[in-house]
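# Secondary and tertiary structure notes
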Amino acid sequence: MTIEAENPRQPPSPARVRTSSDIEVTTYLEIAKEKAGVRPAPAEQKIPVTERETIIVLDFGSQYNLLIARRIRECNVYSELVPFDMPWEKIAHLNPKGIILSGGPASVYESNAPLAPSYVYEGRLPVLGICYGLQAITHQLGGKVIPAAKREYGHTVLHISDRDSPLFAGLDEAITVWMSHGDSIQEMPPGFKAIAHTENTPLAAITNGKNLYGIQFHPEVVHTPQGKEILRNFALKICGCKGNWTIGNYIDESIAAIKAQVGGDKVIVALSGGVDSAVVATLIHKAIGNQLTCIFVNNGLLRREEVERTFSAFRLNLGMNISFVDGTDRFLERLKGVTDPEVKRKAIGEEFIRVFEEEATKLGKVDFLAQGTLYPDVIESALSGSTASAKIKTHHNVGGLPARMRLKLIEPLRYLFKDEVRKVGIELGLPEEMVWRQPFPGPGLAIRVIGEITREKLEILRSADFIVMNEIKKAKLYRSLWQTFAVLTDVKSVGVMGDHRTYGYLVGIRAVTSEDAMTADWARLPYDLLARISNRIVNEVSEVNRVVYDITSKPPSTIEWE
């Protein structure tokens, strides 16, 4: 079988994009998936939708498949990730110039294995199979795939035997690539030839010399340093794309799509204080103006001074209609006695929706609720376009939504990564301090207090977290770190302070670096900085007598503790 870095999953099957409660959501498949990530072009260079060129990525179930589309976008070529069995008539309007078959957890020789649609092979479009995609090409065109005698996982050296292949144009004869597979090709399909190999995989890259290419390694991950060049070669040299997709296209088409979707109706947007909701609010405001009302809810789970800073920033900088709701008591009551993190997330998600519905009734007839949901939220909640992804944790604004809700959802950033959203925010003119705010989870401190939530625990965590952030900013590391925060564990330990025995809480410190939150590495903070943080916490937060630093990467852990 093909081994992926993520958890085992069932083979993918056809699926609509829905929440776990089977709620239809607006996904903007035709206008806003995977578009940011490139510098804006002058207005005269913007490309009409009818002239857009697209690389379609068929999703066979890997949790990192959107990285393929993201890398293509970084080459200034529009790309969409769609379910592996998407009918041609549903993608033809995108003007596909090429197709990529993604990785996945299944084995092609199994009876229920997902396979590529017939149009992949019947048409004349260039096709690139990656890992499982290569095996699908081999299996469907008459070759043979078998369990590998020796599985291959991690870095390896790829030796390019055909230096004239356009797929490897400009690359050295030997490059480092990332492998993740347990199946291998025993026999190529008729008419194919090998163009690269590794020590353990003789057929690491093959082609029919026409329009079909397959590679066993993963060019989309950062562990393949020249992987983007390979994908660039496929998009520009093999598919003939011009590479003229820009953030300007994303913004213009998103605004047009929002206008068409909403019409004359009213929209409320959930503001959290972060860049995601700020960008959503700005896009919608540009589209429909005063038909939008922003709602900022204090759920009692925010950090110190966050309510005041956020409310002020949005009023001063965005110039929109903003309604403030203090929901502290109702949220904490809802979380009383709850210790399971999944139950926490769902309870918070449901309560948010109820607050928004109540506020909407005060505005008259409101039809839409807009959220700053991003793709990492969707895929970790196993709610992407393919049902093959395994649920890691439910995000309150995705899988935590209630089964019945009156408002229809608008989520224009649903298929974007955080760094792409920041680039959109800059293009929209949002303040830098708002654009570069570190991510903060929707459930807030509820998932950073391990175990039951109480007002006392929240205050302890706020104090410790404030110290962490203060020291990180003083060290001028805030912008270089993806996330930095404190966690209040449910562990107590014995200590000694002033010759007296103490029995206090253990606080964990988490600091990570990342590009998109799909993977992350623990930050190598200076020892003296960690010492200052620890010393301040145990001296200034009386309930804490021990501080630890989390040195676990993602995977195997997640960024948040719950």
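This structure is a prediction, so every number in the text was calculated from the model and none was measured.

Along its length, the protein chain carries 14 helices and 19 strands. Residues counted as buried form 61% of the 562 residues belonging to the protein chain. When contacts within the protein chain are restricted to residue pairs at least 6 apart in sequence, long-range pairs at least 24 apart make up 77% of them. Roughly 22100 Å² of accessible area belongs to the protein chain as shown, and the carbon and sulfur atoms make up 50% of that amount.

Reading across from one edge, S3-S2-S4-S5-S10-S9-S8-S6-S7 is the order of the nine strands in this open sheet, with mixed pairing throughout. Two strands close off the open sheet at either side, each with one partner strand: strand S3 (78-83) and strand S7 (174-187). Recorded for the sheet is a direction-independent mean angle of 20 degrees between the axes of neighbouring strands. Two strands pair when backbone bridges link them, and strand S2 (residues 54-59) and strand S4 (residues 96-101) are joined in this way by five bridges, in the parallel orientation. Residue Leu58 lies in a different strand from S4, and its bridge partner there is Leu101. Contacting S2, S3, S4 and strand S5 (127-130), helix H1 (residues 66-74) crosses the sheet at an angle of about 165 degrees to S3. Packing against the sheet, helix H3 (residues 132-140) makes contact with S4, S5, strand S6 (144-160), S7, strand S9 (205-207) and strand S10 (212-215), and its axis sits at approximately 115 degrees to S5.

Let us look at the pattern of salt bridges. For the structure shown, the criterion picks out 34 salt bridges. Put simply, Lys193 and Asp162 hold a salt bridge, and the shortest N to O gap is 3.3 Å. Here Lys193, found in strand S8 (residues 193-197), pairs with Asp162, found in the loop between S6 and S7; they are 31 residues apart in sequence, far enough to count as distant. Two residues, Glu305 and Arg309, come together in a salt bridge whose shortest N-O distance is 3.7 Å. The class of Glu305 is partly exposed, set by a relative accessible area of 43%. On the accessibility criterion, Arg309 (45% relative accessible area) is partly exposed.

Here we come to the packing of aromatic side chains. On inspection of all chains with the given rule, the structure shows eight aromatic pairs. Look at Phe60 and Tyr132: their rings are 5.3 Å apart centre to centre, the planes differ by 45 degrees, and that puts the pair in the tilted class. With Phe60 in the loop between S2 and H1 and Tyr132 in helix H3, the pair connects residues that are 72 residues apart, well separated along the chain. Per residue, the accessibility class of Phe60 equals that of Tyr132, and both read buried.

Right, let's get into the state of the cysteines. In total, this model carries zero disulfides according to the counting rule given. Counting only cysteine sulfurs, Cys241 is the nearest neighbor of Cys239, a cysteine outside any disulfide, at a range of 5.4 Å. Judged by its relative accessible area of 11%, Cys239 falls in the buried class.

On to unusual backbone geometry. A cis geometry characterises the amide bond from Lys554 onward to Pro555, with omega recorded as -15 degrees. With respect to the helices and strands, Pro555 occurs in the segment after strand S19 (544-549). In this structure, Glu305 takes a positive phi of about 70 degrees despite not being glycine. By the element assignment, Glu305 lies in the loop between strand S12 (292-298) and helix H7 (306-318).

To continue, consider helix H11 (residues 418-427). Of all the ten residues making up H11, seven are buried; the element is thus mostly covered by neighbouring parts of the structure. Where H11 is concerned, the buried positions are Lys418, Asp419, Glu420, Val421, Arg422, Val424 and Gly425. On its buried side, H11 packs onto H1, helix H5 (247-262), helix H6 (275-288) and helix H12 (432-435). Two residues or fewer past H11, Gly429 is found with a positive phi of approximately 90 degrees.

This part covers the packing of H5 against H11. Contact geometry for H5 and H11: axes closest at 10 Å, N-to-C directions at 80 degrees. In terms of orientation, H5 lies roughly perpendicular with respect to H11. On the side of H5, the interface is formed by Ile247, Tyr250 and Ile251, while H11 contributes Lys423, Val424 and Glu427.

Within the secondary structure, Lys344 is located in helix H9 (residues 341-362). Relative accessible area serves as the criterion here: at 0%, Lys344 is assigned to the buried category. If we ignore the near neighbours within four places in the chain, the residues touching Lys344 are Leu335, Val338, Thr339, Ala446, Val449, Ile450, Gly451, Ile453 and Glu562.

Sheet topology places S6 next to S7; twelve bridges connect them, and they run antiparallel. If you follow Tyr153 over to S7, its bridge partner there is Ser180.

Conventions used here
Residues numbered from 1 in each chain as written. Predicted model: local features only at pLDDT ≥ 70, side-chain atom pairs only at ≥ 80, totals over all residues. Heavy atoms only, no water. Helix = DSSP H or I, 4+ residues; strand = E, 2+ residues; numbered from the N terminus. Buried < 20%, exposed > 50% of the residue type's maximum accessible area, 1.4 Å probe, protein only. Contact = heavy atoms within 4.5 Å. Areas by Shrake-Rupley, 256 points an atom, 1.4 Å probe, with all protein chains shown as cover. Pairing = 2+ DSSP bridges. Axes fitted to C-alpha atoms, helices over the stretch in contact; angles between N-to-C directions. Salt bridge = Lys/Arg side-chain N within 4 Å of Asp/Glu carboxyl O. Phe/Tyr/Trp six-rings, centres within 6.5 Å; stacked < 30°, edge-to-face > 60°. Disulfide = S-S within 2.5 Å. Parallel < 35°, antiparallel > 145°, perpendicular 65-115°, else oblique.

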